[in-house]
Amino acid sequence: MVYHSSFVDEEGITKACGCPLLPLKTHIKGPAPVSDQDKIDIVDEAITFFRANVFFKNFDIKSPADKLLIYLTFYINVALKRLEGCRTLAVGTKAIINLGLEKVPVPGEPGFPFPGLFSVPQSQDEAELFRNYLKQIREETSGRLLNCAYRPNGTPNKWWLAFAKRKFMNIVVL
């Protein structure tokens, strides 16, 4: 059974492209509201549920937050693929920074991994808001993922990096 997000009915949360802009425990600038440090956010859920959810080929969407969970699971898969050949934390950090510098596509643009998952932005402002949110959440996820993918001594954690070989929802990561 797929793990779903606990952010089911978030009243008063801004949405862009049919995706809730959920609060994050972050220091990175962006459109996401700041969450309490002691609360679980969507990035924590995505990292916690990744190793179970990556095995599924189908994902029933029970709330709009599940769409974000799917996107983050895919992004973690991409990030682990980039970290696969990195033997130290320093090299892995460099690879993740390069991934963060890539252009973030939004629905309706070429390169967006899930064309039917999110609605196409109605305006350029909505597209920029969603792009900035995705960029912020990707950066936050990357930083936290490095703590999981590498041990405190800087060596790779094979129990995480082994999941780079998995395909999430039968999508091949290049």
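Before reading further, recall that the structure is shown in the block above.
Residues numbered from 1 in each chain as written. Predicted model: local features only at pLDDT ≥ 70, side-chain atom pairs only at ≥ 80, totals over all residues. Heavy atoms only, no water.

Enquirer: With reference to specific residues and values, describe the packing of helix H2 (residues 64-83) against helix H3 (residues 89-101).
Expert: Where H2 contacts H3, the two axes come as close as 9 Å, and the packing angle between them is 135°. One way to sum up the angle between H2 and H3 is to call them oblique. As H2 packs across H3, the resulting crossing turns out to be right-handed. Side by side, H2 and H3 meet where Tyr75, Val78, Ala79, Arg82 and Leu83 of the first sit next to Gly92, Ala95, Ile96 and Leu99 of the second. (Axes fitted to C-alpha atoms, helices over the stretch in contact; angles between N-to-C directions. Helix = DSSP H or I, 4+ residues; strand = E, 2+ residues; numbered from the N terminus. Parallel < 35°, antiparallel > 145°, perpendicular 65-115°, else oblique. Left-handed = near helix turned anticlockwise from the far one by under 90°. Contact = heavy atoms within 4.5 Å.)

Enquirer: I'd like a rundown of the packing of aromatic side chains, residues and numbers included.
Expert: Considering all chains together, one arrives at seven aromatic pairs under this definition. Arranged with centres 5.9 Å apart and planes meeting at 70°, the rings of Phe112 and Phe118 form a pair that is edge-to-face. Phe118 carries the same exposure label as Phe112, and that label is buried. A network of ring pairs unites the aromatic residues Phe50, Phe55, Trp160 and Phe163 as a single cluster. (Phe/Tyr/Trp six-rings, centres within 6.5 Å; stacked < 30°, edge-to-face > 60°. Buried < 20%, exposed > 50% of the residue type's maximum accessible area, 1.4 Å probe, protein only.)

Enquirer: Got a sec to walk through the pattern of salt bridges? Specific residues and values, please.
Expert: Tallying each qualifying case throughout the model produces 10 salt bridges. Between Lys25 and Asp44 there is a salt bridge whose closest N-O contact spans 2.6 Å. Residue Lys25 is found in the loop between strand E2 (19-20) and helix H1 (42-53), and its partner Asp44 is found in helix H1; the two are separated by 19 residues along the sequence. Each member of the pair, Lys25 as well as Asp44, carries the same accessibility label: buried. Across the pair Glu109 and Lys103 runs a salt bridge whose closest N-O atoms are separated by 3.2 Å. For Glu109, a relative accessible area of 25% corresponds to the partly exposed category. Its relative accessible area of 61% is what places Lys103 among the exposed residues. Where salt bridges share partners, they join Lys25, Asp41, Asp44, Glu140 and Arg144 into one cluster. (Salt bridge = Lys/Arg side-chain N within 4 Å of Asp/Glu carboxyl O.)

Enquirer: Account for the nonpolar core, naming residues and giving values.
Expert: Ranked by size, the top nonpolar core spans 52 residues in total, and within it Ile42, Leu80, Phe130 and Ile137 carry the most contacts. Secondary structure elements with two or more residues in this core: H1, H2, H3, helix H4 (124-149) and helix H5 (158-161). With 13 residues, H2 is the single largest residue contributor to this core. Discounting chain neighbours no more than four positions away, the residues touching Ile42 are Ser5, Phe7, Leu22, Leu24, Ala65, Leu68, Leu69, Leu72 and Ile137. (Core = buried A, V, L, I, M, F, W, Y, C linked by side-chain atoms within 4.5 Å.)

Enquirer: Explain the layout of surface pockets to me, and be specific about the residues and the numbers.
Expert: Of the volumes computed, that of the largest pocket is approximately 190 Å³. Along the walls of the largest pocket sit 13 residues, with Phe74, Val78, Pro105, Gly111 and Arg138 positioned nearest its centre. Per element, the largest residue contribution to the lining of the largest pocket is five residues, and it comes from H2. Per-class residue counts for the lining of the largest pocket are eight nonpolar, one polar and four charged. (1 Å grid on protein atoms, 1.4 Å probe; cavity = no way out; pocket = protein on both sides within 12 Å on 5 of 7 lines; lining within 4 Å. Points joined across faces, edges and corners; volume = space filled by probe spheres on them. Nonpolar A, V, L, I, M, F, W, Y, C, P; charged D, E, K, R; others polar.)

Enquirer: Which residues make up H1, and what values do they have?
Expert: Counted at 1.5 Å a residue, the expected span for H1 with its 12 residues is 16 Å, but the 14 Å between its end C-alpha atoms falls short. Counting buried residues along H1, nine of its 12 residues qualify, which places the element largely inside the surrounding structure. Those residues of H1 that sit buried are Ile42, Val43, Asp44, Glu45, Ala46, Ile47, Phe49, Phe50 and Asn53. Looking at the buried residues of H1, the elements they touch are H2, H4 and H5. (Expected span 1.5 Å × (residues − 1).)

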